[in-house]
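In case you want the letters, here they are:
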Amino acid sequence: MKQITITGGNTTFECADDDTILRAALRAGLGFPYECNVGSCGNCLFELVEGEVEHERKDSPAYTERHAQRKRWLGCQAKPHSDCTVKVSLRDHYKSIHPPKRVTGSLYAVEDHTHDIREFRFKLSEPAMFLPGQYALLYVPGVEGARAYSMGNITEDGKEWHFQIKRVPNGAATGTLFDKIRIGDEIGLDGPYGMAYLREDAPRDILCLAGGSGLSPMISISRGFARSEKLKGRNLHFIYGGRAARDICGEPMLKDLPGFGESIHYHPAISMPDPDNPAAWPGLTGFVHDIAANMFGDKLKDMEIYFAGPPAMAEAVTRLVVEKKIPPAQVHYDQFY
Ligand SMILES: Cc1cc2nc3c(=O)[nH]c(=O)nc-3n(C[C@H](O)[C@H](O)[C@H](O)COP(=O)(O)OP(=O)(O)OC[C@H]3O[C@@H](n4cnc5c(N)ncnc54)[C@H](O)[C@@H]3O)c2cc1C
Ligand code: FES
C-alpha cells in the first residue's frame, strides 16, 4: 500500500500496489478527473511532484513524449512504486456516488441480441451498486489490460451486472468473451465508473442516441427512466442506429418496460439500406444525429441528451450539440474507444 498526497491541501489517500492512482482516489471518495479509464482520453493527467510510478498500459494512446518531459502521467494507468505527491485539480463532478469496487463476476447467462451483439450476465462475489448508464472494467482472461463495458441492466441490490457487448473483428477481449468464456467462468470486474449516468433531477424529456456498441448504457438509462418516480410525466425517445436491418435491436427490452409506446418511444434507423431491395427496411434511414435533428429540431435544446457509440457517431452528435446550441450540462456521454 502506498500513500498518495495531493499538493495544495491536506488530501491524502492509500493506493494498493496493484491499483492505479485514479481508481484509488475514486475509491477514497475523491473527485479525480477522468473519462475512459483505459489510457485513451487524457482527462486523468496529473503532475508527479515526488515519487515513482509506472504505467500499466505502456502504449496508452493519450500519452505523449511531451507529457513525459513535463512529468505528467495518466492517473488511470499510473501504478505507484513509492509514496507519491501529485498535482491535480479535484472536482466534485467526478466524485463517485457509488465508489468503485474490485469484485469477481461469475457468468451465469448469455443472450444474443443481434448477429454480433451478445449480453453477458454476471453474478458478483459481493454486491456493488451502480447508476443507470455507468460502466465497469473487465479483466478478460489472457487479455492484456482492462476493457470498459457499460452495464445494460439497473439494480436495486448490486448483485448482478449485465453487459451488452459488440464483437469487434479480431478483437482480443471480445474474441475471448464470445468464443472462450463459458457459463460458470469467473472474471475480474472493477466499477462502477463514468459520468454519463441518468440525471433523475433534470426535469426534461430525454433523448437516448445509440449506435452499435452503445446499446448497453442507453438501455440501462431507459430502464432507469421507467423506474424513476421523479421522471414520471416525461418522455424518453430512443434512437438506435445500425448499418443494416440485421444490426437493429433493443425493442424487445424496451417493450418490457412500463410506459412503452406511451412515454417510451423507440426509433430504429439504418444508414445503409439495400438499394436492390428498399422494401426490406420500411423504417427510418440515415445516421442517428440526422434523425434526431429532423425529428426534434430546436426542441433538442429542451431535452436531456445521453449518447453512446463508436467514435464517428460521438463526433457527429457533438457537432449537432454545438450547432443546435444545446447547453453542455444537458448532454451526457463517456467516449468509447
Ligand atoms: C467508457 C467505455 C464504455 C464502453 N462500453 C462498451 C459497451 O457497453 N459495449 C461494447 O461493445 N463496447 C464498449 N466499449 C468498447 C470496449 O471497451 C472495447 O474497446 C471493444 O470491445 C474492443 O475491445 P477488443 O479487446 O475486443 O478489441 P481490440 O481491438 O483487441 O482492443 C481495442 C481496444 O482495447 C484498448 N486496449 C488495447 N490494449 C489495451 C491495454 N493494454 N489496456 C487497456 N486498453 C487496451 C484499445 O485502446 C481499444 O480501445 C466501451 C469503451 C469505453 C471506453
Ligand atoms: S486516459 Fe485516463 S481516463 Fe482516459
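Please refer to the structure higher up on the page.
Attention in this report is confined to the structure presented alongside it. The shown structure was predicted, so the numbers you read here are calculated from the model rather than taken from an experiment.

1. Observations concerning the packing of aromatic side chains
Counted under the stated rule, the structure contains ten aromatic pairs. Ring centres of Tyr 34 and Tyr 94 lie 6.1 Å apart, and the angle between their planes is 50°; this geometry places the pair in the tilted category. With Tyr 34 in the loop between α1 (21-27) and β3 (45-50) and Tyr 94 in the loop between β7 (84-87) and β8 (101-112), this residue pair connects regions lying 60 residues apart in the sequence. You'll find Tyr 34 and Tyr 94 in the same group, each marked buried. Between the NZ or CZ atom of Lys 123 and the centre of the ring of Tyr 108, over which it lies, the distance is 3.9 Å. A cation sits over an aromatic face here: Arg 199 above Tyr 197, 4.0 Å from the ring centre.

2. Let's talk about the side chain of Asp 19
Among the secondary structure elements, Asp 19 is positioned in the loop between β2 (12-15) and α1. Among the polar contacts listed, one links the side chain of Asp 19 to the side chain of Arg 27, at a separation of 2.8 Å.

3. Here's the deal with the sheet that holds strand β18 (residues 303-308)
Taken in spatial order, the six strands of this open sheet run β17-β16-β15-β14-β18-β19, and their pairing is parallel. Lying at the two open borders of the sheet, with one neighbouring strand each, are β17 (284-285) and β19 (331-332). Examined bridge by bridge, strand β15 (residues 236-242) and strand β16 (residues 264-270) share seven bridges and lie parallel to one another. The partner of Ile 239 across the bridge, within β16, is His 267.

4. Topic: the sheet that holds β2
Ordered in space as β2-β1-β7-β3-β5, the five strands form an open sheet in which the pairing is mixed. The sheet is open, and its two edges are formed by β2 and β5 (72-74), each paired on a single side. Strand-to-strand twist in this sheet, taken as the mean axis angle between neighbours without regard to direction, amounts to 40°. With three bridges joining them, strand β1 (residues 2-6) and β7 adopt parallel strand pairing.

5. A few points about the pattern of salt bridges
This model, assessed by the stated rule, comprises 21 salt bridges. With a closest N to O distance of 2.8 Å, Asp 19 and Arg 27 form a salt bridge. Among the ionic pairs, Asp 116 bridges to Lys 166, the shortest N-O distance being 2.9 Å. Placement of the pair is Asp 116 in the loop between β8 and β9 (117-124) and Lys 166 in strand β12 (residues 160-166), with a sequence separation of 50 residues. Through salt bridges with shared partners, a single ionic network connects Asp 18, Asp 19, Arg 27, Arg 102 and Asp 190.

6. Points about helix α4 (residues 215-227)
With 13 residues, α4 extends 19 Å from end C-alpha to end C-alpha; this agrees with the ideal 18 Å at 1.5 Å per step. Burial of α4 is extensive: twelve of the 13 residues sit out of reach of the surface.

7. Observations concerning the environment of Gly 184
You can see Gly 184 is positioned in the loop between α3 (172-179) and β13 (186-193). Overall, Gly 184 belongs to the partly exposed group, its relative accessible area being 45%. C-alpha of Gly 184 to C-alpha of Ala 146: the two residues are 38 residues apart in sequence and 20 Å apart in space. If we ignore the near neighbours within four places in the chain, the residues touching Gly 184 are Ser 106 and Leu 107.

8. Some details on the site of ligand 1
Looking at ligand 1, there are 24 residues lining it, with Arg 147, Ala 148, Tyr 149, Thr 174 and Tyr 337 nearest. Between a nitrogen atom of ligand 1 and a main-chain N or O atom of Ala 146, the distance comes to 3.5 Å. Ala 173 places a main-chain nitrogen or oxygen 2.8 Å from an oxygen atom of ligand 1. Of all the elements in the fold, those that place two or more residues in the shell around ligand 1 are β11 (147-150), β12 and α3. Of all the elements, β11 adds the most residues to the shell around ligand 1, at four residues. Of the residues in the shell around ligand 1, the class split is eleven nonpolar, nine polar and four charged. Mapping the shell around ligand 1 onto the domain boundaries places at least three of its residues in each of domain 1 (2-94) and domain 2 (101-193).

9. Focus: α3
Within α3, six of the eight residues are buried, which leaves the element mostly enclosed by the surrounding structure. Of the residues making up α3, those classed as buried are Ala 173, Thr 174, Gly 175, Thr 176, Leu 177 and Phe 178. For α3, the elements touching its buried residues are β9, β11 and β12.

10. Regarding the side chain of Glu 35
In this fold, Glu 35 is placed in the loop between α1 and β3. Buried Glu 35, no salt bridge; nearest opposite-charge side chain is Arg 91, N-O distance 10 Å. From its side chain, Glu 35 meets the backbone nitrogen of Gln 335 in a polar contact 2.6 Å long. For Glu 35, the residues in contact, after removing those within four places along its chain, are Cys 41, Asn 43, Tyr 135, Tyr 333, Asp 334 and Gln 335.

Rules of the game
Residues numbered from 1 in each chain as written. Chains lettered and ligands numbered in written order. Predicted model: local features only at pLDDT ≥ 70, side-chain atom pairs only at ≥ 80, totals over all residues. Heavy atoms only, no water. Phe/Tyr/Trp six-rings, centres within 6.5 Å; stacked < 30°, edge-to-face > 60°. Helix = DSSP H or I, 4+ residues; strand = E, 2+ residues; numbered from the N terminus. Buried < 20%, exposed > 50% of the residue type's maximum accessible area, 1.4 Å probe, protein only. Lys NZ or Arg CZ within 6 Å of the ring centre and 35° of its normal. Polar contact = N/O pair within 3.5 Å; in protein donor to acceptor, adjacent residues only side chain to side chain. Pairing = 2+ DSSP bridges. Axes fitted to C-alpha atoms, helices over the stretch in contact; angles between N-to-C directions. Salt bridge = Lys/Arg side-chain N within 4 Å of Asp/Glu carboxyl O. Expected span 1.5 Å × (residues − 1). Contact = heavy atoms within 4.5 Å. Near = heavy atom within 4 Å. Nonpolar A, V, L, I, M, F, W, Y, C, P; charged D, E, K, R; others polar. Domains from an automatic or database assignment. Lys, Arg positive; Asp, Glu negative; His and termini not counted.

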